[in-house]
Amino acid sequence: MGRRGPSELQTQVLAADLCTACGACLGHCPYLKSLGERVAFIHPCPRSEGRCFDVCPRTSLDPESLDRQVLGAPRRHPILGGYDGLYFARARDADVGARGQYGGVTTALVLLALESGMAGAALLTSGTPTREPRAVVARDRDTVLAAAGTKYSACPTLEPLAGLLRESSEPVAVVGRPCQVAAARKVEAREASGRLAPVIGIFCFWALTPAFYRFLEGRRDLERATKLDLPKDGGMTFAVNGRTATVRLDEIRPFIRPACQACFDPTAEWADVSVGSTEHDAAWNTLVVRTARGRDLVERARAAGALEVKPYPLERIPVLEEAVQRKKLRVLDALDAGQPEVAYLGLREAQRAAVRAHGRA
Ligand SMILES: Cc1cc2nc3c(=O)[nH]c(=O)nc-3n(C[C@H](O)[C@H](O)[C@H](O)COP(=O)(O)OP(=O)(O)OC[C@H]3O[C@@H](n4cnc5c(N)ncnc54)[C@H](O)[C@@H]3O)c2cc1C
Ligand code: SF4
Ligand code: SF4
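Model, not experiment: these values are computed from the prediction. (Residues numbered from 1 in each chain as written. Chains lettered and ligands numbered in written order. Predicted model: local features only at pLDDT ≥ 70, side-chain atom pairs only at ≥ 80, totals over all residues. Heavy atoms only, no water.)

Enquirer: It is not clear to me how the packing of helix α12 (residues 317-336) against helix α13 (residues 349-357) should be interpreted in this structure. Could you clarify?
Expert: Helix packing geometry: the angle between the two helix axes and the distance between the axes. It is at 10 Å that the axes of α12 and α13 come closest, and there the two elements cross at 135°. Relative to α13, the element α12 is oriented oblique. Pair α12 / α13 crosses with left-handed handedness. Contact residues: α12 offers Gln 325, Lys 328, Leu 329, Leu 332, Asp 333, Leu 335 and Asp 336, while α13 offers Arg 352, Val 355 and Arg 356. Residue classes in the contact of α12 with α13 are distributed as four nonpolar, one polar and five charged. (Axes fitted to C-alpha atoms, helices over the stretch in contact; angles between N-to-C directions. Helix = DSSP H or I, 4+ residues; strand = E, 2+ residues; numbered from the N terminus. Parallel < 35°, antiparallel > 145°, perpendicular 65-115°, else oblique. Left-handed = near helix turned anticlockwise from the far one by under 90°. Contact = heavy atoms within 4.5 Å. Nonpolar A, V, L, I, M, F, W, Y, C, P; charged D, E, K, R; others polar.)

Printed below as a string of structure tokens:
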């Protein structure tokens, strides 16, 4: 492959509306900036090759090489990726549980990573769920707690990463959507070996564009909502002043980010641990332990009394797998049709066949 850089990032990703707003390309180039959740060159960059292209999760993604890099082995499962444990879990600290989106597992694990010295700083996404969120570098409990809760848009959380890696030698914890986890692993492979600890992925099937927040500005009844959710029975719910309002999903769908339609990884397959809803009990999370570092983090959290973990109900596993497989199959169909928005994905024929065959008798 020839040299690739800013000009290819512009044509293949930014101009093609395939940017996931992960933020990985920002922070080391004076010409690339974010305006809220929009990433753009503010001036043409004269370089013919560049890190911006290399770290982007939408320039090229090779699942097999990421499996080798992160798991050290081929994936165990064609749909859920590599893992050695699947659980229901929740935070034991009442404050964390109350602020968390579901069981507060992500917040509990970040606090443990900082308090145990495993990480010196954590990259998080903060703000209220009805306004554009912002990336924060957390080093203390209050900042971590303030970042709890899901913001349903694509904040470029990784924007401060380049500066953090440059300016100190401390390990940095990352909490991100699956596209951000993939980008963080590309950064790690290129220039940050051993510096990202731990990487916590949150499940994500789609994120919304900033136009969603403008839609909310026109809905005075919703703008003070403290929590948004996507319950399994449909719609998007808004918790406002002790009551719940529901907006139909067909009103929300027009705000889905175009890049999310081409996304093959809803469960953050290259995280140390991945955390999602249970689609069953809002007080608990689904917890996927993927790496030795992830196992260490979870065991430390259990030993410290920060986390409660129980086996994943066997009858729920097919429900999770079906939801993930459905999203993967849509992307495989786009690959088979030669659609350019999925050309970033370097999937071998055997991997495609394994995804298609899964669950067939
Ligand atoms: C856009 C989006 C869509 C999602 N869709 C699904 C879904 O369909 N199914 C499902 O099971 N789970 C989904 N999730 C994940 C889910 O909402 C919870 O984040 C996850 O289950 C962790 O729950 P928790 O109780 O541990 O979170 P908490 O303890 O509250 O921690 C949440 C963490 O998420 C981070 N965060 C919040 N918003 C963002 C963001 N926009 N980008 C990056 N990081 C963020 C915060 O920094 C915080 O550390 C989605 C998340 C996002 C951001
Ligand atoms: S690295 Fe992330 S923010 Fe930058 S262009 Fe690629 S997807 Fe967008
Ligand atoms: S659906 Fe995929 S591309 Fe879109 S924000 Fe979520 S992880 Fe990123």
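Enquirer: I keep staring at the pairing of strand β11 (residues 273-276) and nothing clicks. Help me out?
Expert: Looking along a regular strand, one sees side chains alternate from face to face of the sheet. Neither face of β11 is exposed, since Val 273 and Val 275 on one face and Ser 274 and Gly 276 on the opposite face are all buried. Pairing of strand β7 (residues 196-202) with β11, which is carried by three bridges, proceeds in the parallel orientation. Looking at the pairing, Ile 200 lines up with Val 273 of β11. (Buried < 20%, exposed > 50% of the residue type's maximum accessible area, 1.4 Å probe, protein only. Pairing = 2+ DSSP bridges.)

Enquirer: Looking at this structure, how should I read the sheet that holds strand β6 (residues 172-176)?
Expert: Either a parallel or an antiparallel arrangement is found when strands of a sheet pair, and the pairing is made through backbone hydrogen bonds. Ordered by their spatial adjacency, eight strands build an open sheet running β5-β4-β6-β7-β11-β12-β3-β13, and the pairing between neighbours is mixed. The two strands at the open ends of the sheet, each matched to only one other strand, are β5 (134-138) and β13 (307-311). Here the average twist between neighbouring strands, direction ignored, is 25°. The strands touched by helix α5 (residues 105-115) are β3 (85-91), β4 (121-126), β5, β6, β7, β11, β12 (285-289) and β13; relative to β7, the strand with the most contacts, the crossing angle is about 175°.

Enquirer: Whenever I open this one, the packing of α5 against helix α11 (residues 292-303) confuses me. Can you help?
Expert: Here α5 crosses α11 at 90°, and the two axes come no closer than 10 Å. Our classification of the angle between α5 and α11 gives roughly perpendicular. Two secondary-structure elements touch here, α5 through Leu 109, Leu 112 and Ala 113 and α11 through Leu 297, Val 298, Arg 300 and Ala 301. The residue makeup of the contact of α5 with α11, split by class, is six nonpolar, no polar and one charged.

Enquirer: Help me out: how do you make sense of the pattern of salt bridges in this one?
Expert: Pairing is possible between side chains of opposite charge, provided their charged atoms come close. By the definition in use, this model includes 25 salt bridges. In this structure, the salt-bridge partner of Arg 139 is Glu 170, at a minimum N-O distance of 2.9 Å. Of this pair, Arg 139 sits in the loop between β5 and α6 (141-146) while Glu 170 sits in the loop between α7 (161-167) and β6, and the two are 31 residues apart along the sequence. Among the charged side chains, a network of salt bridges with common partners joins Arg 51, Asp 54, Arg 190 and Glu 191. (Salt bridge = Lys/Arg side-chain N within 4 Å of Asp/Glu carboxyl O.)

Enquirer: Even after reading the chapter, I still don't get unusual backbone geometry, so can you show me in this structure?
Expert: Among all residues save glycine, negative phi is the norm, and among peptide bonds the norm is trans. At the junction of Ala 197 and Pro 198, the peptide bond is cis and its omega measures out at -10° in the coordinates. Relative to the helices and strands, Pro 198 is located in strand β7. Located in the positive-phi region is Asn 241, a residue other than glycine, with phi close to 45°. One can find Asn 241 in the loop between β9 (236-240) and β10 (243-247).

Enquirer: Please explain the site of ligand 2 as it appears in this structure.
Expert: Neighbouring ligand 2 are Leu 9, Val 13, Leu 14, Cys 19, Thr 20, Ala 21, Cys 22, Gly 23, Cys 25, Val 39, Cys 56 and Pro 57. Of the residues forming the shell around ligand 2, the biggest block, three residues, is contributed by helix α1 (residues 6-14). Split into classes, the residues belonging to the shell around ligand 2 amount to 10 nonpolar, two polar and no charged. (Near = heavy atom within 4 Å.)

Enquirer: Which parts of the structure should I look at to understand the packing of aromatic side chains?
Expert: The relation between two aromatic rings is expressed through the spacing of the ring centres and the mutual angle of the planes. Per the counting criterion, the structure on display carries five aromatic pairs. Centre to centre, the rings of Phe 215 and Phe 255 are 5.3 Å apart; their planes meet at 45°, and the pair counts as tilted. Of the two residues, Phe 215 is situated in helix α9 (residues 211-217) and Phe 255 in the loop between α10 (249-252) and β11; the sequence distance between them amounts to 40 residues. Three or more aromatic residues link up through ring pairs in this structure, and these residues are Phe 212, Tyr 213, Phe 215 and Phe 255. Seen from the ring of Tyr 344, Arg 58 lies directly overhead, with NZ or CZ sitting 4.3 Å from the centre. (Phe/Tyr/Trp six-rings, centres within 6.5 Å; stacked < 30°, edge-to-face > 60°. Lys NZ or Arg CZ within 6 Å of the ring centre and 35° of its normal.)

Enquirer: Help me out: how do you make sense of the side chain of Thr 157 in this one?
Expert: Considering the arrangement of structural elements, one finds Thr 157 in the loop between α6 and α7. A relative accessible area of 1% means that Thr 157 is categorised as buried. The residues contacting Thr 157, other than those within four sequence positions of it, are Cys 22, Leu 123, Leu 124, Thr 125, Ala 135, Val 175, Arg 177 and Gln 180.

Enquirer: Looking at this structure, how should I read the nonpolar core?
Expert: Note that soluble globular proteins tend to have their nonpolar side chains buried in a common cluster. Ranked by size, the top nonpolar core spans 47 residues in total, and within it Leu 86, Leu 196, Phe 264 and Leu 345 carry the most contacts. Contributing elements (two or more residues each) for this core: α3 (63-71), β3, α7, β6, α8 (178-191), β7 and α12. At seven residues, the largest contribution of residues to this core is made by α12. Those residues in contact with Phe 264, other than ones at most four positions away along the chain, are Glu 269, Lys 328, Val 331, Leu 332, Tyr 344, Leu 345, Leu 347 and Val 355. Formed by 34 residues, the second largest nonpolar core is a distinct cluster that contains Val 110, Leu 112, Ala 119 and Val 136. (Core = buried A, V, L, I, M, F, W, Y, C linked by side-chain atoms within 4.5 Å.)

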